[in-house]
Amino acid sequence: MATLEIKDLHASVETDEGAKEILKGVNLTIKSGETHAIMGPNGSGKSTLSYAIAGHPKYRVTSGEVLLDGENVLEMSVDERARAGLFLAMQYPVEVPGVSMSNFLRTAVTAVRGEAPKLRHWVKEVKEEMNKLEISQEFAERSVNEGFSGGEKKRHEILQLSLLKPKFAILDETDSGLDVDALRVVSEGVNEYKASSEVGVMLITHYTRILRHITPDFVHVFAGGKIVESGGKELADELEENGYVKYVGKAEPAA
Ligand code: ADP
Ligand code: MG
Ligand code: MG
C-alpha cells in the first residue's frame, strides 16, 4: 500500500513576461489501487500540475509538498522519481533520433528496476506487451517518438507504463488525438495494468469520453489552478451534461 500526497501545491511557469502563478493550492491524496480523474477546462492548469510533479524545469514549485510514502518527491531528480515508482507520461516526450524504441525502453526499465533485464526475456516481454497494445513489431526499431502519430505516442506511453510497472501513474490527456479504436486499445492497456497491479492513477482529462472506458473511483473538478469540487464517478456524468460553466462562471468558447 502506497500513498501519493499533494499538499497545498503552488507552482509558477516561466513566461517571457516573468513568472506566472498557475497552481494555487492543490490538495490531493491518491492511494494504491485508486483511480482519480482530474477534469477541468482548458487552461485551468491540469498539465502544469503534472509537469510540476514531474520536475519539468519550466515549472517552479513555489510552495507546498508532494510526498510519496512520506518521501519528498520534489527533492528527487527525474530518475529518482521514476525509481521511487512515479510514472509521468510526459517524462520522455521528446524525439530521440538514432535511439530505437526497443533500446530506449530497455534503458528506462534498467534505470527503474536497478538491473538490466535479460535480453531473451526482454525481447519476449516487449513483444507480448506490444501485441496487447496492437503495436506493430516494426515500431520497436523506430527512433523514439520520431514521426510518431498522436495515437502512436499514446500507445508508446501505455507500453512504457506496462513495462515500468510504477506505483503511481499520472496520465495527462491520454485520450487526446485518439480515434475510437485507439482509445479502446489504450484504455484496455491501462485497465490491464490496473488489474495486474495496485497502481494508483491520476487521469487528467478535459473530456469525459475516456471515463467510459476507465472507471474512476473519484472525480475532481480542476479550475483556476486548484481542485474546486470532488465526488464519485457521477460527478463526471454531471460534467458531461453541464460542462464546466458552473465552475468557471462562463461558458467555454466553442472548440
Ligand atoms: P491545462 O492543461 O488545464 O489546459 P495548462 O497547465 O496547460 O492548462 O496551462 C495553464 C495556464 O498556464 C494557461 O493559461 C497557459 O497558457 C499557461 N501556461 C502553461 N504552460 C505555459 C508556458 N510554458 N508558457 C506560458 N504559459 C504557460
Ligand atoms: Mg490544455
Ligand atoms: Mg493540459
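All values reported here derive from a predicted model rather than from experimental measurement.

(A) Fine view of the overall build of the chain. Assigned secondary structure in the chain consists of eight helices and 12 strands. Here the C-alpha atoms of the chain give a radius of gyration of 18 Å, agreeing with the 18 Å that 2.2 N^0.38 yields for 255 residues. Viewed in the frame of its principal axes, the chain has a C-alpha envelope of about 55 × 40 × 40 Å. Across the 255 residues that make up the chain, the buried fraction comes to 38%.

(B) Representation of the sheet that holds strand β4 (residues 59-68) in the model. Read from one edge to the other, the open sheet built from four strands follows the order β2-β1-β4-β5, with strand pairing classed as antiparallel. The sheet terminates laterally at β2 (18-31) and β5 (71-72), the two strands that pair on one side only. Here eight bridges tie strand β1 (residues 3-15) to β4, and the two strands are oriented antiparallel to one another. Looking at the pairing, Leu-4 lines up with Leu-68 of β4.

(C) Just the sheet that holds strand β9 (residues 168-172), in detail. Read across the sheet, six strands follow the order β6-β9-β10-β3-β11-β12 without closing on themselves; strand pairing throughout is mixed. Each end of this open sheet is capped by a strand with a single partner; those strands are β6 (86-88) and β12 (226-231). In this sheet, neighbouring strand axes are inclined to one another by 20° on average, regardless of whether the strands run parallel or antiparallel. Bridge count for β9 against strand β10 (residues 200-205) is five bridges, and the pairing is parallel. Directly across from Ala-169, in β10, lies its bridge partner Val-201.

(D) Local environment of the site of ligand 1. Around ligand 1 lies a shell formed by Val-13, Thr-15, Ile-22, Gly-40, Asn-42, Gly-43, Ser-44, Gly-45, Lys-46, Ser-47, Thr-48 and Lys-58. Sorting elements by how many residues they give to the shell around ligand 1 places helix α1 (residues 46-54) first, with three residues. Residues belonging to the shell around ligand 1 are distributed by class as follows: two nonpolar, eight polar and two charged.

(E) Examining the packing of helix α3 (residues 101-113) against helix α5 (residues 150-164) more closely. As a packed pair, α3 and α5 sit with axes 10 Å apart at the nearest point and diverge in direction by 35°. Two packed elements cross with a definite hand, and for α3 against α5 that hand is right-handed. Each of Leu-105, Ala-108, Val-109 and Val-112 in α3 lies in contact with α5, whose residues at this interface are Gln-160, Leu-163 and Leu-164. Looking at the contact of α3 with α5, its residues break down into six nonpolar, one polar and no charged.

(F) Layout of the pairing of β4. By the bridge criterion, two bridges tie β4 to β5 in an arrangement that is antiparallel. Opposite Leu-67, over in β5, you have Asn-72 as the bridge partner. Remark: two residues form the turn of the hairpin made by β4 and β5, two consecutive strands paired antiparallel; Asp-69 in that turn has positive phi of roughly 50°.

(G) Inspection of helix α4 (residues 119-132) at higher detail. End to end, α4 covers 20 Å across 14 residues, agreeing with the expected 20 Å (1.5 Å per residue, within 8%). For α4, the full list of buried residues reads Val-126, Glu-129 and Met-130. Relative to the axis of α4, the buried residues are bounded by an arc of 100° and lie together on one face. Among the exposed residues of α4, those pointing more than 90 degrees away from its buried face are Arg-120, His-121, Lys-124, Glu-128 and Asn-131. Each element contacted by the buried residues of α4 is listed here: α3 and α5. Positive backbone phi, at 55°, marks Glu-134, one or two positions downstream of α4.

(H) Region of the structure containing the environment of Gly-232. Topologically, Gly-232 is positioned in the loop between β12 and α7 (234-242). Spatially, the C-alpha atoms of Gly-232 and Phe-218 are 4.6 Å apart, while their sequence positions differ by 14 residues. The contacts of Gly-232, once residues within four sequence positions are left out, are Phe-218 and Val-219.

(I) Layout of helix α6 (residues 180-196). For α6, spanning 17 residues, the distance from its first C-alpha to its last is 24 Å, which sits close to the expected 24 Å at 1.5 Å a residue. Considered for burial, the residues of α6 that qualify are Leu-183, Val-186, Ser-187, Gly-189, Val-190 and Tyr-193. Down the axis of α6, the sector holding all buried residues measures 150°, keeping them to one side. Those residues of α6 that are exposed and angled more than 90 degrees off the buried face are Val-180, Asp-181, Ala-195 and Ser-196. Buried residues in α6 make contact with α4 and α5.

Definitions and limits used
- In every chain, residue numbers begin from 1 and rise along the written sequence.
- Lettering for chains starts from A, numbering for ligands starts from 1, and both go in the order in which the items are written.
- Predicted model: local features are reported for residues with pLDDT of at least 70 only, side-chain atom pairs are reported and counted for 80 or more only, and whole-chain, interface and lining totals are derived from all residues.
- Secondary structure follows DSSP: runs of H or I at least 4 residues long count as helices, runs of E at least 2 residues long count as strands, and numbering of each begins at the N terminus.
- Put simply, the radius of gyration uses C-alpha atoms, and a globule should come to 2.2 Å times the residue count raised to 0.38.
- Using C-beta atoms placed from the backbone, we call a residue buried if 20 or more other C-beta atoms fall within 10 Å of its own, exposed if 12 or fewer do, and partly exposed for counts in between.
- When DSSP finds at least two bridges between two strands, those strands are taken to pair.
- All axes here are fitted lines through C-alpha atoms, helices being fitted over the stretch that makes contact, and every angle between N-to-C directions spans 0 to 180 degrees.
- For each residue, a C-beta atom is placed from the backbone, and the residue is labelled near a molecule or strand when this atom is within 6 Å of it.
- Lys, Arg, Asp and Glu make up the charged group, whereas Ala, Val, Leu, Ile, Met, Phe, Trp, Tyr, Cys and Pro make up the nonpolar group; the residues left over, Gly among them, are polar.
- Crossing handedness follows the turn of the near helix against the far one: under a right angle anticlockwise gives a left-handed crossing, and clockwise gives a right-handed one.
- Contact between two residues is assigned whenever their backbone-derived C-beta positions fall within 7 Å.
- Here the expected span of a helix is defined as 1.5 Å times the quantity of residues minus one.
- The arc in question is the one traced by the directions running from the helix axis out to the C-beta atoms.

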